[in-house]
Structures are given as structure tokens and as C-alpha cells.
Amino acid sequence: AVLKDSYWQGEVHYLRKNGEERVSWTGISATRSRTGKVQNLIIIVSDITERKVIERRIHKLAYFDPLTGLPNRSQMHERLDQMVTSARQSNTHIAVLFLDLDRFKPINDSMGHPAGDRVLKEVANRLQNCIKRQDLVSRMSGDEFTIALSDQKSADSAANTAVKVGERILHALQQPFFIEQRELFLTGSIGIAIFPHDGQTVTELLKNSDMAMYHAKDDGRNNVQFFDEHMNKKAVELLEIENDLRYAIERNELELYYQPQYATADCRMQGVEALLRWHHGDKGMVPPGNFIPIIEDTGLIIPIGEWVLRQACTDMAKWQKSGLAIDRIAINVSARQFKQPGFINLVQEVIEETGIDPHQLELELTESILIDDLEHTLDVLNRLRAMGVRMAIDDFGTGYSSLNYLKQFPVDTLKIDQSFIRSLPHNTDDAQITRTIISMAHNLGLGVIAEGVETKEQLEFLQQTQCEEIQGFYFSKPIPASQLIEYVTQRTPSIES
Ligand code: C2E
Ligand code: MG
Ligand code: MG
């Protein structure tokens, strides 16, 4: 710049001989000869280190709460505004939680402000432990705090995350505070607003989450409320289901149903798939679609998945002892379960415990398992294969299957998703996709099974296209273990049935 314009100025950081770091404002001017060649540089350096320190302190005072060190209201506004702008661009959602401590004032009044300050500091610490690094916690004023959770994929997932974080905060607040040799107890009321559902701007979001917080106070404090009534109902339901699921195993509310799978050519039964059922005390039977995502989310899939594996293999062992001709049992495995470090050991343990032949056990995995963390997945699959366990890819065609993976992964069977089977044989697109999957599977040396076969026409189409196996209501719905025994002993299904 100096050579070109003869002048430059700017901030220069430099070290003194004693190693001390200083900041200066520096101007450099060049003097030139008559021919324009730079002859001298005149450099003027003013040390601004002290000014910078003061600036930083002012910034801190202006943007941070001196007591808790959390961002204050002005910074909250600014950063939430940035979150809103980027959420608008990326079509994501934000949850804003407004927290007000319940009955904080009496603590302040009876124990004095220094004690109150200590409580607030401790609250700020606990709040920070309840959130992830990218989330924003701030102190709005007195005993009011806000938490913003960005990057939520949908309004529903924003609501779910918000409820979870909200519950976590209430729980953290309920732990006793030890202040001046006394044990204090606190609770909080939390209101939630979701962007863009409940407000398009920072002001609206804060106003509406604040309003929701007052509902929480009206509702007896120590609880979480959404601005939107509808979301409240859903959140309450979700929490109830989650809570009830925690006790589902102990209360014996889980049961496995079995759906037979048949060879397409001669309609002989080849095996069964275990499908989980939950008998809820008041709600009756809850279908797996309604609770599997919840148990995946909460980690309950680990104990429940273990229960399924053990129960299914125990049933299988029993059938074989009683001479029932069931040669294979398929069990659904969720992504979270598959990624669990102890998964292989669990499978091994259950096989040994129940004494079933590992070749008769098939694990149904989803495509989503296969796409992330390739190395780990491949390793687990290879070790399962080495144990003799079979693997099928469930709901094939709905995920991001790449031929490349299929070639690499030691899987045995593709299960064509029922969405392709539903409108066979009339829908030409689906017919084409189904044919393609079948021939692809054969080329890769894999077996294929079609799920959701409901009609004779579908069966005939699958016979013509040489899909090896089928499963669906045309032959049988999933049935309880007791009925399966009857079913297998009494009925030999044929094409005419
Ligand atoms: P999935 O593994 O693809 O299971 C097939 C689903 O299709 C079952 O629903 C079955 O009842 C249904 N189905 C079977 N034949 C037909 C048919 O002809 N027509 C129609 N319309 N549907 C048919 P279900 O039992 O409600 O299970 C839903 C999903 O829940 C399963 O899909 C599976 O992904 C999951 N799931 C079930 N049990 C377990 C489990 O123990 N562990 C895990 N991780 N997931 C499970
Ligand atoms: Mg399945
Ligand atoms: Mg399926």
C-alpha cells in the first residue's frame, strides 16, 4: 500500500524487548524522489494499548452481565437477530425459552442481596450445563434468563428439543443451593416460543415466550409452557409417553408380534419378522411408529431393543424345541442400537443364552445406518457376519442407497419398501423400480423380499419378476406368538388361499 499510495495507516500489534505485547495506531508515509522512487518512510506510532483495554472493558460492560458473566439483554437481542436471519436463509427453526425463577424475591429480601447474587451466579452456571455450546443463554434482568436453541430442522423438533432442555433446566434448578450454610430450594417457570411459528422477529419471540412464561406461572409454577396451545398439548403427550415408556418393560407392557415371510414361488413359510407392540394402560395398543422415534431420541431404545432381541430369540428357541417349522427370525435394529459399543457382544450373548443357530437370526437394518460412519459400520457388519448372523436392509429404496455401499457391505437381503409395492402392478413407475431393485439384488448376489403384499395381483407380479420372498397382509398380519403357533401348525398357505 505504501509503495502504491505513499500512505498507510492501521492497527499494529508489536512486542517490546521485554516480551510485553502492545497495540499501536501506526501511520506510514513515503517520501519520493523527483523520479517517483520511494526514498524515505516516515512512521508515526501511537501506543493505544490502554485505550484498547478500556474499550474491551466497555464492550464487556455493555454486552455482558457483570454478575453472572452471561450475555446481557442487548447482546441477546443482537445475537438472536443474527440467528433469526440465518434461520430464515437456511429454513431452520429456533426455540426461545424464557425462564423466570419462582419466588426469588423472598430469598433476596430475607437473606440480603449478596446471598441473592450468589444464587443467581449458581443459576447461571447450572443453565450453562443444560445446553450445548452453540446455544445462547443470557440474563435479561433480575431473575429472568433466556435460552435460544438454533438449527432445529422443523417446528416439531424445535418443540421437542425445547421441552427436553426446559425439563433439564427445571431439574437442575431443583437441586438444593447451599448459600451461607443454608440449603435453599428454587424452582422456575419457563415459556417457549418457536421461530417462525410463534414470531418472526426477536421482539415478537421474546414477547411471546414471556407471555408463555406467565402461563407457566399461572399453571402452578415449576413447569414449561408453549406460546402455542396446540404445541402444549403435543408436548404434554410426548412427555407422558416418554415417561410411561420408561416403565413399559417392568410393567410387562411390551409384546412381540410375528409376521410370517414366504417364498414367492411355492408360498412356503421361510421365517418371521418380530414387530414390537406396546400395550399402554390407558391408551390401549400404541403402534411402533408412534413410539419408536421417541425411544430412539431418549436412548430408551437401548434397553427396549435389548428386550426385543432377547425375547425374539427366546421365542425362536422355544418354537424349535417344540418342533415348529420356523427357520428364520428377523429382528429390527435401530441406528442408535446398532451404533452402541456393546451391540455385538449383546448379540453374541443372546445367541449363547438362547442357544439359537446364528444363521437363523437376521437383523434388519435401515439404510441410514449404512451411510454414516462407514468404517465403524463395516467393521460391525463384518464381525456379525463372522458370527454367522444374517443381515437385511429394511425399507430399501427410501434412503440414500448407493450401489457402491451395497457391494461393500456384507448384507444378505434387500427388503423392498412397501411404498413401491402398494400400487403394483398398475403404477408403471413403481413396477419399474421394483423390477430394477430385484435385478440389482440378483446381480449383487443378494436375496430380495417384498413387504406390504396385500393382493393377489401384487403376488403374481412378484412371482413373474422373480422376487424370492414376500411378506404382507395377503398372507398374514403380524400376530402374537401364541397365534403364530396355531397358524403354523394348521395352515399351509397356497396361492389360492
Ligand atoms: P418395518 O420393519 O418395515 O415393518 C413392516 C411394517 O409394515 C409393520 O408395521 C407391519 O405391520 C406392516 N405391514 C406388514 N405387512 C403389511 C401390508 O400388507 N400392508 C401394510 N399396509 N402394512 C404391512 P409395524 O408393526 O407398525 O411396524 C412399523 C415399523 O416400526 C417397522 O417397520 C419397524 O421399522 C419399526 N419396528 C417395529 N418393531 C421394531 C423393533 O422391535 N425395533 C425397532 N428398532 N423397530 C421396530
Ligand atoms: Mg422390518
Ligand atoms: Mg420395512
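The structure this text deals with has already been given above.
Residues numbered from 1 in each chain as written. Chains lettered and ligands numbered in written order. Predicted model: local features only at pLDDT ≥ 70, side-chain atom pairs only at ≥ 80, totals over all residues. Heavy atoms only, no water.

Novice: Describe in detail the nonpolar core, supporting the description with residues and values.
Specialist: Soluble globular proteins tend to pack their nonpolar side chains together in the buried interior. Within the largest apolar cluster, 85 residues are counted, with the highest numbers of intra-cluster contacts made by Leu245, Tyr258, Trp319, Leu361, Leu363, Leu384 and Leu414. A total of 10 residues in this core trace back to one element, the largest contributor, which is helix α10 (residues 301-321). Not counting residues within four places of it along the chain, the set of residues in contact with Leu363 comprises Leu309, Ile331, Val333, Phe343, Leu384, Val389, Arg390, Met391 and Ala392. With 41 residues, the next largest nonpolar core counts Ala159, Ala162, Val224 and Met231 among its residues. (Core = buried A, V, L, I, M, F, W, Y, C linked by side-chain atoms within 4.5 Å. Buried < 20%, exposed > 50% of the residue type's maximum accessible area, 1.4 Å probe, protein only. Helix = DSSP H or I, 4+ residues; strand = E, 2+ residues; numbered from the N terminus. Contact = heavy atoms within 4.5 Å.)

Novice: Residues and numbers for the site of ligand 1, please.
Specialist: Around ligand 1, the structure places 21 residues, and the nearest of them are Arg277, Asp394, Gln418, Glu454 and Phe473. Side-chain polar atom of Asn332 to an oxygen atom of ligand 1: 2.9 Å apart, as the coordinates give it. Here ligand 1 loses 81% of its free accessible area of 800 Å² to cover by the protein chains. With four residues, the single largest contributor to the shell around ligand 1 is strand β12 (residues 269-280). Here the residues of the shell around ligand 1 sort into eight nonpolar, six polar and seven charged. (Near = heavy atom within 4 Å. Polar contact = N/O pair within 3.5 Å; in protein donor to acceptor, adjacent residues only side chain to side chain. Areas by Shrake-Rupley, 256 points an atom, 1.4 Å probe, with all protein chains shown as cover. Nonpolar A, V, L, I, M, F, W, Y, C, P; charged D, E, K, R; others polar.)

Novice: So what about the pattern of salt bridges? Which residues, and what values?
Specialist: Should the charged atoms of two oppositely charged side chains come close, the side chains can pair. By the definition in use, this model includes 27 salt bridges. In this structure, Glu11 engages Lys52 in a salt bridge whose closest nitrogen and oxygen atoms are separated by 2.9 Å. Of this pair, Glu11 sits in strand β1 (residues 7-15) while Lys52 sits in helix α2 (residues 49-63), and the two are 41 residues apart along the sequence. Residue Glu364 pairs with Lys415 through a salt bridge whose shortest N-O separation is 2.7 Å. With Glu364 in strand β15 (residues 361-366) and Lys415 in strand β17 (residues 413-416), the pair connects residues that are 51 residues apart, well separated along the chain. Take Glu364: its relative accessible area is 1%, and that puts it in the buried class. Salt bridges here are not isolated pairs; linked through shared partners, they connect Arg16, Glu20, Arg22, Asp47 and Glu50. (Salt bridge = Lys/Arg side-chain N within 4 Å of Asp/Glu carboxyl O.)

Novice: Provide a residue-level description of the sheet that holds strand β3 (residues 38-47), including the pertinent values.
Specialist: With antiparallel pairing, three strands are arranged side by side in an open sheet as β1-β2-β3. At either end of the open sheet lies a strand with only one pairing partner, and these are β1 and β3. Pairwise comparison of adjacent strand axes, ignoring direction, gives a mean angle of 30 degrees for this sheet. Inspection of the sheet shows strand β2 (residues 21-32) paired to β3 by nine bridges, in the antiparallel sense. Across the sheet, residue Ala30 finds its bridge partner in β3, namely Leu41. Those strands touched by α2 are β1, β2 and β3, and its axis lies near 130 degrees from that of β2. (Pairing = 2+ DSSP bridges. Axes fitted to C-alpha atoms, helices over the stretch in contact; angles between N-to-C directions.)

Purely geometric numbers; function is a separate question.
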